[in-house]
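Chains, contacts and geometry: an overview
Here is what each chain is made of, one letter per residue.
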Amino acid sequence: MIVLVLSACPLGLRGYLTRWLLEISAGVFVGKVSRRVRELMWERTVEMTRTGRAILVYQARNEQGMSFLVHGHHWEPIDVEGIALMLRPAKGNSGSGPSPHGPEATDGQVPARGWSNAARRQRSRRGSR
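The following paragraphs examine the structure supplied in this document. (Residues numbered from 1 in each chain as written. Predicted model: local features only at pLDDT ≥ 70, side-chain atom pairs only at ≥ 80, totals over all residues. Heavy atoms only, no water.)

Here we take up the sheet that holds strand E1 (residues 2–7). Strand order in the open sheet formed by 5 strands is E2-E3-E1-E4-E5, and the pairing between neighbours is antiparallel. Of all the strands in the sheet, just strand E2 (22–25) and strand E5 (66–71) have a single pairing partner and so form its edges. Neighbour to neighbour, the strand axes of the sheet diverge by 20° on average, direction disregarded. When E1 meets strand E4 (residues 53–59), the two strands line up antiparallel, connected through 6 bridges. Bridge pairing in E4 links Ser7 to Arg53. On top of the sheet, helix H2 (residues 35–49) reaches E1, E4 and E5; it is set at about 170° to E4, its chief contact. (Pairing = 2+ DSSP bridges. Helix = DSSP H or I, 4+ residues; strand = E, 2+ residues; numbered from the N terminus. Axes fitted to C-alpha atoms, helices over the stretch in contact; angles between N-to-C directions. Contact = heavy atoms within 4.5 Å.)

As structure tokens, this is what we get:
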């Protein structure tokens, strides 16, 4: 089984995909096709997508039981010890990789310990005792 999700793609591509897949919501296609058809369908999707985005998730023989292909997204698939994950770039990050200190630390500063809202509430409760 495969799932193909399209964003900002031409209507002709959606029509092309309905030959093999069922469109269950706008831009979301599901179906069961052979490996060869899936590969040809992905090639055609990449050709026709232009400035849009596409994600294809399909069954695979690995630890997760699935694999995925991405086209036109700023999120990129990475391999972490044999597990495929999606790397989401931090806001304001100049492409030097994700910040290990959370989303607020993209400007090179390391946040103080307990930088979450819950930690701030806990500190304010301790101060009022």
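Okay, back to it.
Moving on, we come to the packing of aromatic side chains. Following the criterion strictly, the structure yields 1 aromatic pair and no others. When the centroid spacing of 5.1 Å and the interplanar angle of 70° are considered together, the rings of Tyr16 and Trp20 count as edge-to-face. Positioned over the ring face of Tyr58 is Arg38, at 3.8 Å from the centre of the ring. Here the basic side chain of Arg44 rests over the ring of Tyr16, its NZ or CZ set 5.3 Å away from the ring centre. (Phe/Tyr/Trp six-rings, centres within 6.5 Å; stacked < 30°, edge-to-face > 60°. Lys NZ or Arg CZ within 6 Å of the ring centre and 35° of its normal.)

A side chain of one charge can pair with a side chain of the opposite charge if their charged atoms are brought near each other. Summed over the entire model, instances satisfying the criterion amount to 3 salt bridges. When the shortest N-O distance is used, the salt bridge between Glu23 and Arg14 registers 2.7 Å. Judged by relative accessible area, which is 26%, Arg14 ranks as partly exposed. Among the salt bridges present, the one from Glu39 reaches Arg35, with a minimum N-O distance of 3.0 Å. One end of the pair, Glu39, and the other, Arg35, are both in helix H2, 4 residues apart, so they sit about a helical turn from each other. Judged by its relative accessible area of 37%, Glu39 falls in the partly exposed class. Look at Arg35 and you get exposed, because its relative accessible area is 59%. (Salt bridge = Lys/Arg side-chain N within 4 Å of Asp/Glu carboxyl O. Buried < 20%, exposed > 50% of the residue type's maximum accessible area, 1.4 Å probe, protein only.)

With respect to the helices and strands, the residue Thr49 is situated in helix H2. From its side chain, Thr49 meets the backbone oxygen of Thr45 in a polar contact 2.3 Å long. Once you skip the residues sitting within four places of it in the chain, Thr49 turns out to touch Ala8, Cys9, Pro10, Leu13, Ala54 and His71. (Polar contact = N/O pair within 3.5 Å; in protein donor to acceptor, adjacent residues only side chain to side chain.)

This part takes up H2. The terminal C-alpha atoms of H2, which comprises 15 residues, lie 21 Å apart, in line with the 21 Å expected from a rise of 1.5 Å per residue. Of all the residues in H2, the buried ones are Arg38, Met41, Trp42, Thr45, Met48 and Thr49. Down the axis, H2 shows its buried residues gathered within 135° of arc, on one side only. In H2, those exposed residues whose orientation departs by more than 90 degrees from the buried face are Arg36 and Glu47. Its buried side turned inward, H2 meets E1, helix H1 (11–17), E4 and E5. Arg50 sits one or two positions beyond H2 and adopts a positive phi of about 60°. (Expected span 1.5 Å × (residues − 1). Arc of directions from axis to C-beta.)

Membership of the largest hydrophobic core comes to 15 residues, with the highest contact counts inside it found for Leu4, Leu6, Leu13 and Leu17. Elements represented by at least two residues in this core include exactly E1, H1, H2 and E4. Excluding its chain neighbours within four sequence positions, the residues that come into contact with Leu13 are Leu6, Arg44, Thr45, Met48 and Thr49. (Core = buried A, V, L, I, M, F, W, Y, C linked by side-chain atoms within 4.5 Å.)

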